[in-house]
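Now for the letters of each chain:
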Amino acid sequence: MYGLSVRWSLADAPSGTLERLSEYVEAESHAKFSGLPGLRFKTWRARAGEWFEGTYVFVSDEARAQFQADFETRAADAPATAMTGAAPRIEPFEVVAVASGPDGFRSAARFEG
């Protein structure tokens with residue numbers, strides 16, 4: 001499987017940035033990515049005061065490369081870039097395996113942190 005990490009630093013972000021990012025994910029971003037062709041899943045991850053990240057897994061290298069190329073052209077104008085004041089670090093990676101436990105995935109846009 002074909003992964004992509006897009007990570008913004010929160011180290012120098014204004015106070016409350018993670019909360020604003022979480023609200024943005026809930027209000028807009030979750031729905032946008034739920035219907036993205038070629039995407040297996042996206043996970044939004046964060047470490048308060050450290051980083052905020054979108055982790056993507058695509059169905060093919062081509063789907064990942066297409067998304068990455070498109071995103072790189074607009075990363076400077078991305079909502080997370082505006083909120084954090086930092087450009088993202090973008091890294092493709094390979095997913096070796098995914099295990100789904102008996103409780104499965106919880107598909108929600110609500111941040112609980």
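Only a predicted model underlies this, so the values are computations on that prediction, with no experimental measurement involved. (Residues numbered from 1 in each chain as written. Predicted model: local features only at pLDDT ≥ 70, side-chain atom pairs only at ≥ 80, totals over all residues. Heavy atoms only, no water.)

A. A look at the overall build of the protein chain. In terms of helices and strands, the protein chain carries three helices and four strands. Of the regular secondary structure in the protein chain, the N- to C-terminal order runs β-α-β-β-α-α-β. Relative to the compact-globule value of 13 Å for 113 residues, the protein chain shows a C-alpha radius of gyration of 14 Å, a close match. Projected onto the principal axes, the alpha-carbon positions of the protein chain cover approximately 35 × 35 × 25 Å. Put simply, of all contacts in the protein chain between residues at least 6 apart along the chain, 69% involve residues at least 24 apart. With an accessible surface of roughly 7000 Å², the protein chain has 50% of that area assigned to carbon and sulfur atoms. Taking the average place of the 12 positive charges on the side chains of the protein chain and the average place of its 16 negative ones, the gap between the two points comes to 2 Å. (Helix = DSSP H or I, 4+ residues; strand = E, 2+ residues; numbered from the N terminus. Rg over C-alpha atoms; globule rule 2.2 N^0.38 Å. Contact = heavy atoms within 4.5 Å. Areas by Shrake-Rupley, 256 points an atom, 1.4 Å probe, with all protein chains shown as cover. Lys, Arg positive; Asp, Glu negative; His and termini not counted. Charge placed at Lys NZ, Arg CZ, Asp CG, Glu CD.)

B. Fine view of the pairing of strand S2 (residues 39–47). Of the pairings in the sheet, the one linking S2 to strand S3 (residues 51–58) comprises eight bridges and is antiparallel in character. The residue of S3 that forms the bridge with Trp 44 is Gly 54. The loop that links S2 with its antiparallel partner S3 comprises three residues; one of these, Gly 49, has a positive phi angle of about 75 degrees. (Pairing = 2+ DSSP bridges.)

C. Spotlight on helix H1 (residues 17–34). Of all the bends in H1, the greatest, near 50 degrees, is centred on Val 25. When we look at burial in H1, the residues that qualify are Thr 17, Leu 18, Leu 21, Ser 22, Tyr 24, Val 25, Ser 29, His 30 and Phe 33. In the core, the buried residues of H1 are packed alongside S2, S3, helix H2 (61–74) and helix H3 (79–84). (Bend = angle between axes of the 7 residues up to and from the residue. Buried < 20%, exposed > 50% of the residue type's maximum accessible area, 1.4 Å probe, protein only.)

D. Up close: the packing of aromatic side chains. Scanning the entire structure with this criterion turns up nine aromatic pairs. Ring centres 6.3 Å apart and planes at 85 degrees place the aromatic pair Trp 8 and Phe 71 in the edge-to-face group. Of the two residues, Trp 8 sits in strand S1 (residues 2–9) while Phe 71 sits in helix H2, which places them 63 residues apart along the sequence. Each member of the pair Trp 8 and Phe 71 is classed as buried. (Phe/Tyr/Trp six-rings, centres within 6.5 Å; stacked < 30°, edge-to-face > 60°.)

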